[in-house]
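As a plain string of letters, each chain reads:
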Amino acid sequence: MSISENILKIKSKLPEGVSLVAVSKTKPISDLLEAYNVGQRIFGENKIQEMASKYNEMPKDIAWHMIGHIQRNKVKYMAPFVSLIHGVDSLRLLTEINKQALKNNRIIDCLLQVKIAAEENKFGLSENEVLNLLGSEEIKTFQNIKIIGLMGMATFTNNQEQLQKEFEILKCIFDNLTHLNSTNYNLKTLSMGMSDDYPIAIKNGSTMIRVGSSIFGKRT
Ligand SMILES: *Cc1c(COP(=O)(O)O)cnc(C)c1O
């Protein structure tokens, strides 16, 4: 199937309230344009420089999501245009995002990344760390960021029960936070689910799925 057929097929099955991030990392502009031409307007990238160069080449009505692990010294390259940063996992990073957003006279939406996977190499905060971050004095002073939800990556496994369990845990953490509300956080978005596990993620309350290979084909 072609990229456009893949997009249309996935979108036709999405429940209301679930949005699709087309993860276009490593893929050429021609692939992104094919997705754009069937109406896709949210693209996810995991490298800041690659995202910035694609931003320059693509139409301007696209929402660019940074889904990768972020180096603080590169935040400045995406601050002028990034629409949502999924992988925020420290106060230091949030401090830098706030600083660069201020320089660009913007408010940048962020998701806090929670570690749900069993694998050591996956990033993210524990539930307690999320609570500490949201409750910190510093965060109250940040006027140029808004935390709009949580993001998580499940373990790379075929074990459906384990995936189910990990998504349930994240949904539960999320539900415990949605009543909180301040000037710079209000958690409404739950980013979970990738090509191999998004149906389970949606069953467990995902509001945003990040799909790459099921749209654009395998990455090399
Ligand atoms: C690459 C990536 C995806 C997409 O993965 P696929 O399995 O190709 O759908 C989703 N989320 C993150 C954080 C990624 O790095």
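That block above? That's the structure.
What you see is a predicted model, and the numbers here were worked out from it, not measured in a lab.

Right, let's talk about unusual backbone geometry for a bit. One non-glycine residue, T26, adopts positive backbone phi at about 70°. Structurally, the position occupied by T26 is in the loop between β1 (19-23) and α2 (29-37). In the Ramachandran plot, N105 falls in the positive-phi region, its phi being about 55° despite a non-glycine side chain. Locating N105 in the fold gives a position in the loop between α5 (91-103) and β5 (108-115). The exposed category is assigned to N105, whose relative accessible area is 71%.

In this structure the tally under the stated criterion is 2 aromatic pairs. On the numbers, 5.8 Å between centres and 35° between planes, the contact of F43 with W64 is tilted. Residue F43 is located in strand β2 (residues 42-45), and its partner W64 is located in strand β3 (residues 63-66); the two are separated by 21 residues in the primary sequence. By the burial criterion, F43 is buried, and W64 matches it. Summarising the aromatic geometry, the rings of Y55 and F81 are spaced 4.0 Å apart at their centres and angled 10° between planes, so their arrangement reads as stacked. Linking Y55 in helix α3 (residues 48-57) with F81 in the loop between α4 (75-78) and β4 (84-88), this pair joins segments that are 26 residues apart in sequence. Residue F81 is classed as buried on the basis of its relative accessible area of 11%. Stacked on the ring of Y36, the Lys or Arg R41 has its end atom at 3.5 Å from the ring centre. Lying over the aromatic face of Y55, K60 brings its terminal NZ or CZ to 4.8 Å of the ring centre.

Time to look at the nonpolar core. Core analysis: the biggest nonpolar cluster contains 64 residues, and M78, I85 and L150 have the highest contact counts within it. If you tally residues by element for this core, the top one is helix α8 (residues 160-175), at 5 residues. Beyond its immediate chain neighbours, meaning those up to four positions away, L150 contacts L111, L112, V114, V130, L170, I173, F174, L177, L187, T189, L190 and S191.

Counted residue by residue, β1 has 4 buried out of 5 residues, so it is predominantly covered. Two elements, β1 and β2, share 2 bridges in a ladder whose sense is parallel. Looking at the pairing, A22 lines up with F43 of β2. Traced from β1 through α2 to β2, the parallel crossover comes out right-handed.

Cut-offs used in this document
Residues numbered from 1 in each chain as written. Predicted model: local features only at pLDDT ≥ 70, side-chain atom pairs only at ≥ 80, totals over all residues. Heavy atoms only, no water. Helix = DSSP H or I, 4+ residues; strand = E, 2+ residues; numbered from the N terminus. Buried < 20%, exposed > 50% of the residue type's maximum accessible area, 1.4 Å probe, protein only. Phe/Tyr/Trp six-rings, centres within 6.5 Å; stacked < 30°, edge-to-face > 60°. Lys NZ or Arg CZ within 6 Å of the ring centre and 35° of its normal. Core = buried A, V, L, I, M, F, W, Y, C linked by side-chain atoms within 4.5 Å. Contact = heavy atoms within 4.5 Å. Pairing = 2+ DSSP bridges. Right-handed = clockwise from strand over helix to strand, strands pointing away.

Geometric descriptors of this kind do not, in isolation, establish any biological role.
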